[in-house]
Amino acid sequence: MSTAELFRYGMFTLHSGQRSDWLIDCAALSDSDLDALAYMVSSRVRYNRVEGVPRGGLRFAAALHRYRWQTNNGSLLIVDDVLTTGTSMEKQRAGREATGVVIFARGDCPAWVTALFQASEVLEVRGEE
């Protein structure tokens, strides 16, 4: 079991280069966690090839590999652990036809990408009226 923490606060420079006072560190997810997430995705998305965005998406892609459909249609699934701007996903896609899935999204996803969990940069706080 990992001793890393999935959610941390402090000052961090994200892969996108942006600064943030909170971090989602998917290195804290166990292989069993990733397998369960892969199963969730595979029950909703059909693909026969999977690619992970280096580095964070590689473990997720490995977990998804065992659930791929044995078809010849060439359907490509591109995955990452955390999406901030979508730039890494677009770079991995390189203009190809693909479906994208990320575990967490810190902001809006491109139209071809779905987040399992959406984290908002700005939370609306509701008070009593």
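Residues numbered from 1 in each chain as written. Predicted model: local features only at pLDDT ≥ 70, side-chain atom pairs only at ≥ 80, totals over all residues. Heavy atoms only, no water.

1. Here we look at the sheet that holds strand E6 (residues 113–118)
In spatial order, the strands read E3-E4-E5-E6; together these 4 strands make up an open sheet with parallel pairing. Both edges of this open sheet fall to strand E3 (49–52) and E6, since each of them pairs with a single strand only. For this sheet, the mean inter-axis angle between neighbouring strands, taken without regard to orientation, is 20°. In the packing of helix H1 (residues 31–42) onto the sheet, contacts are made with strand E4 (76–83), strand E5 (99–105) and E6, and the angle to E6 comes to roughly 130°. Packing of helix H2 (residues 56–65) onto the sheet brings it into contact with E3, E4, E5 and E6, and relative to E4 it is tilted by some 135°. (Pairing = 2+ DSSP bridges. Helix = DSSP H or I, 4+ residues; strand = E, 2+ residues; numbered from the N terminus. Axes fitted to C-alpha atoms, helices over the stretch in contact; angles between N-to-C directions. Contact = heavy atoms within 4.5 Å.)

2. Let's talk about the nonpolar core
In terms of nonpolar packing, the biggest core is built from 23 residues, with Phe60, Leu64, Leu77 and Val79 touching the most fellow members. Among the secondary structure elements, those contributing two or more residues to this core are strand E2 (19–24), H1, H2, E4 and E5. Ranked by size, the runner-up nonpolar core spans 10 residues in total, among them Ile78, Met89, Ala98 and Val102. (Core = buried A, V, L, I, M, F, W, Y, C linked by side-chain atoms within 4.5 Å. Buried < 20%, exposed > 50% of the residue type's maximum accessible area, 1.4 Å probe, protein only.)

3. Details of the pattern of salt bridges
Counted under the stated rule, the structure contains 5 salt bridges. Here Asp25 and Arg8 are joined by a salt bridge, their closest N and O atoms 3.3 Å apart. Within this pair, whereas Asp25 is found in the loop between E2 and H1, its partner Arg8 is found in strand E1 (residues 7–13), the two being separated by 17 residues in sequence. The exposure class assigned to Arg8 is partly exposed, which follows from its relative accessible area of 30%. (Salt bridge = Lys/Arg side-chain N within 4 Å of Asp/Glu carboxyl O.)

4. A word on the pairing of E5
Counting buried residues along E5, 6 of its 7 residues qualify, which places the element largely inside the surrounding structure. In terms of handedness, the path from E4 via helix H3 (residues 87–93) over to E5 forms a crossover that is right-handed. With 5 bridges connecting them, E5 and E6 associate as parallel partners. Counted as the bridge partner of Val101 is Thr114 from E6. (Right-handed = clockwise from strand over helix to strand, strands pointing away.)

5. Re the environment of Leu64
Locating Leu64 in the fold gives a position in helix H2. Ignoring any residue separated from it by four or fewer positions in sequence, one finds Leu64 in contact with Ala38, Val41, Tyr47, Val50, Leu77 and Val79.

6. Some words on unusual backbone geometry
What you tend to see is this: most non-glycine residues have negative phi, and most peptide bonds are trans. Going from Pro54 to Arg55, the amide bond is cis rather than trans, its omega being -10°. Here Arg55 is to be found in the loop between E3 and H2. One non-glycine residue, Ala94, adopts positive backbone phi at about 50°. Along the polypeptide, Ala94 turns up in the loop between H3 and E5.

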